[in-house]
Amino acid sequence: MVGANLKAETMALMDKRAAMETEMSSIVQRLCNPGGPGLSGNLIDSEGFPREDIDIPMVRADRRRLAEIKSEHSEITEKINVNIQILHSVRPTARASSTKDSGSEETSLSAAVTSLSASMQTSGFSVASRPMYVDVVTSIPFAMVDEITESSPAAEDGLQLGDQLVKFGNVEGNDNVLQRLAAEAQSNQGQAVSVQVLRQGAKVGLSVTPRIWQGRGLLGCHFRLV
């Protein structure tokens, strides 16, 4: 009974989290459209006046909502992880006189865990052995390709204008992003770098090799922060 109830609660949390991730993706796409303000871009122009090319109240509302969802998403993920650990660790402490009932409860609990694991794998979540954790990567871009030269390494390897970087090698946002992107390309000259981007709302995986070519730099493209 414990296993079945906990499984139902966990599945409900997973459904709620999936809906939150869909909403987060929509907000990110809206903010990071070409010409948009991005996740943290300025809302004023070079002269200090409010930008006229964007809906500032809407942008502020989207950013505030995104922050709220990210916080709640972390809480739900932690709750899911705790529930899954409990499902794997709980064992009936039955007395010898109730061996038959204990076996039935154990079977029910095992079935609940197996069913939950299968549901998670079907939904695209990665499932590890006990204790089990749900590996969720929220695709939040930190930079956008705003210039790219034809026949450059970046263009030949599949990057496109407007692509939003989620991961470039070991770079996944945080501070000094542009400097770290340049350093990552320099340290991997001639070697393939795993790149993940958001392209028209869809996550795309690429392999880009920084290398010397007839143009400037090792990639031939320019990134701007979002």
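These numbers were taken from a predicted model, which means no experiment stands behind them. Counting of residues starts from 1 at the beginning of each chain's written sequence and follows it residue by residue. With pLDDT at 70 or above as the cut-off, local features in this predicted model cover only qualifying residues; side-chain atom pairs require 80 or more to be listed or tallied, and sums for whole chains, interfaces and linings still use all residues. To obtain the side-chain values, all non-hydrogen atoms of the structure were used and water was disregarded.

Asker: Go over the sheet that holds strand β7 (residues 221-225), please, and point to the residues and values.
Answerer: A pair of strands is considered paired only if DSSP assigns at least 2 bridges between the two. Strands here are runs of E lasting at least two residues and helices are runs of H or I lasting at least four, both read from the DSSP assignment and numbered beginning at the N terminus. Strand order in the open sheet made by the five strands is β6-β5-β4-β3-β7, with antiparallel pairing throughout. Edge positions in the sheet fall to β6 (202-208) and β7, since each has one partner strand and no second. The average undirected angle you get between the axes of adjacent strands in this sheet is 40°. Across four bridges, the pairing between strand β4 (residues 164-168) and strand β5 (residues 193-199) is antiparallel. Residue pairing across strands places F168 opposite V195, the latter belonging to β5. Every axis corresponds to a line fitted to the C-alpha atoms, with the helix fit spanning only the stretch in contact, and the corresponding angles, defined between N-to-C directions, vary from 0 to 180 degrees.

Asker: Tell me about unusual backbone geometry, and please be specific about residues and values.
Answerer: Phi is positive for S151, which is not a glycine, with a value near 70°. With respect to the helices and strands, S151 occurs in the loop between β3 (143-148) and α4 (153-156). Whether a residue is buried, partly exposed or exposed follows from its accessible area with a 1.4 Å probe, protein chains only, as a fraction of its type maximum: under 20%, in between, or over 50%, in that order. Classification of S151 as partly exposed rests on a relative accessible area of 41%.

Asker: Tell me what's going on with the pattern of salt bridges, and back it up with residues and numbers.
Answerer: Whenever a carboxyl oxygen of Asp or Glu lies within 4 Å of a side-chain nitrogen of Lys or Arg, that contact is scored as a salt bridge. All told, the structure shown has nine salt bridges when counted by the stated rule. The salt bridge partner of R30 is D62, with a shortest N-O separation of 2.9 Å. Taken as a pair, R30 in helix α1 (residues 2-31) and D62 in helix α2 (residues 56-89) lie far apart in primary sequence, 32 residues in all. Residue classification places D62 among the buried positions, given a relative accessible area of 7%. One salt-bridge network, in which partners are shared between bridges, spans E23, R65 and E68.

Asker: Residues and numbers for helix α5 (residues 177-187), please.
Answerer: Buried within α5 are the following residues: V177, L181, E184 and A185. Buried residues in α5, looked at end-on, bunch into an arc of 95°, giving them a common side. Of the residues in α5, the exposed ones pointing more than 90 degrees away from the buried face are Q179, Q186 and S187. Whether two residues are in contact is decided by their heavy atoms: any pair within 4.5 Å suffices. Lining the buried residues of α5 we find β3, β4 and β7. Directions drawn from the helix axis to the C-beta atoms are what define this arc.

Asker: Summarise the environment of N174; cite the residues concerned and give the values.
Answerer: Mapped onto the fold, N174 is located in the loop between β4 and α5. Looking at N174, the relative accessible area reads 69%, which means it is exposed. Each C-alpha atom, one on N174 and one on F142, is 8.1 Å from the other, the two residues being 32 residues apart in sequence.

Asker: For the environment of M144, give the residues involved together with the corresponding values.
Answerer: Tracing the backbone shows M144 in strand β3. In this structure M144 comes out as buried when scored by relative accessible area, which is 3%. Sequence spacing of M144 and G38 is 106 residues, and the spatial spacing of their C-alpha atoms is 9.1 Å. Here M144 is in contact with C32, N33, P34, G162, D163, Q164, H222, F223, R224 and V226, once residues within four sequence places are set aside.

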